[in-house]
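Residue-level structure breakdown
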Amino acid sequence: MTTDKIIDGKAFAANFLGIVSKEVKRLKSSHELEPGLAVVLVGNDPASAVYVRNKGERTREAGMHSFEHRLPADTSEEDVLTLVAHLNEDATVHGILVQLPLPHQIDEQKVLAAINPDKDVDGFHVTSVGRLWTGGDALVPCTPYGCLLMLKDRLGDLSGKRAIIVGRSNIVGKPMAALLLAESCTVTIAHSRTQDLPERCREADILVAAVGRAEMIMGDWVKPGAVVIDVGINRVEAPERGVKEDGTVKTKLVGDVEYAEAIKRASAITPVPGGVGPMTIACLLRNTLVAACQQNGIEPPVL
Ligand code: GUN
């Protein structure tokens, strides 16, 4: 356990990836099994292209097989479903991730539902969601799982802690609640209609912010000594940094929490960038390793 207030997500993720890589090596030598992750990218969204490239690089670095499928923006829903069906059948593919968002002609829910839940390394399939909430062996959404690992590293046993999650998305807020409930926290899910939000936040030993609104959670909403996990990544204008060559104001990334004030009260806090972000890919690779073991009747490592 570190004593530094700032949770270094980059270092935490690098360490976790090292552990995953070691387990991959062990799996290869003991069972001649190489975990494989297929990533499907439809269209030219620049942010998605960067994510997919990073995923491919990290996957190979961890000793896993990376299958990348890049399809043009005008690909039909049927063609994406056909590709997913092939990947479901391919025994060398243990994890399937379809990068979101998808172009408008494709129904995202239909595509996510077509993925074999045993290969659902995103944890977005309704079967994965059901398994998570009923305490089954689920592949858990990567960002909340990364948050949980960082919380446990700081706090150890989470049992009995009061946790508030601000944000109720399917990708972060809801699965985060399920994970903290499974750790025996008393969980509040807050959202845009929550009354007395500052007061509710001040009661929490654990505050997870996942609303996607720049610095919406004020520093004085943080209970002294609380651990703050900031999932938000918001680009805002930063006039203090000057102007770009094209004359527009420079920008910077900030989280959902007013970091400069919150750090004065928190016992630990994740920065943005460099906090939660790096853990997402690390947990994706963890899920791929777990999925590969499960599909081959091998007890997965506890990671
Ligand atoms: N787009 C942005 N983040 C994610 C993610 O975690 N999974 C998928 N499938 N798409 C994303």
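Here, every reference points to the structure presented above.
A few points on the structure.

Cut-offs and rules
Residues numbered from 1 in each chain as written. Predicted model: local features only at pLDDT ≥ 70, side-chain atom pairs only at ≥ 80, totals over all residues. Heavy atoms only, no water. Near = heavy atom within 4 Å. Polar contact = N/O pair within 3.5 Å; in protein donor to acceptor, adjacent residues only side chain to side chain. Areas by Shrake-Rupley, 256 points an atom, 1.4 Å probe, with all protein chains shown as cover. Nonpolar A, V, L, I, M, F, W, Y, C, P; charged D, E, K, R; others polar. Core = buried A, V, L, I, M, F, W, Y, C linked by side-chain atoms within 4.5 Å. Buried < 20%, exposed > 50% of the residue type's maximum accessible area, 1.4 Å probe, protein only. Helix = DSSP H or I, 4+ residues; strand = E, 2+ residues; numbered from the N terminus. Contact = heavy atoms within 4.5 Å.

Bringing the site of the ligand into the picture now. Taken together, the neighbourhood of the ligand is formed by Leu97, Val98, Gln99, Leu100, Asp122 and Phe124. Contacts to the ligand include aspartate 122, whose side-chain N or O atom sits 2.6 Å from a nitrogen atom. About the coverage of the ligand: the protein hides 77% of its 280 Å² of free accessible area. Residue classes in the shell around the ligand are distributed as four nonpolar, one polar and one charged.

With 59 residues, the main nonpolar core has Leu180, Ile229 and Met279 as its most contacted residues. Put simply, the parts of the chain that give this core at least two residues each are α1 (9–31), β1 (36–42), α6 (142–155), β4 (162–166), α7 (173–182), β6 (206–209), β7 (227–230) and α10 (277–295). Ranked by the residues each element gives to this core, the list is headed by α10, at eleven residues. Non-local contacts of isoleucine 229, meaning those with residues more than four positions away in its chain, are made with Ile7, Cys147, Leu151, Leu207, Val208, Ala209, Thr270 and Val276. One finds Val166, Leu197, Met216 and Ala266 within the second-largest nonpolar core, a separate group that totals 18 residues.

So, about α7. With seven of ten residues buried, α7 lies mostly within the body of the structure. What α7 keeps buried is the set Gly173, Pro175, Met176, Ala177, Ala178, Leu179 and Leu180. Count one or two residues on from α7 and you reach serine 184, which has phi positive near 65 degrees.

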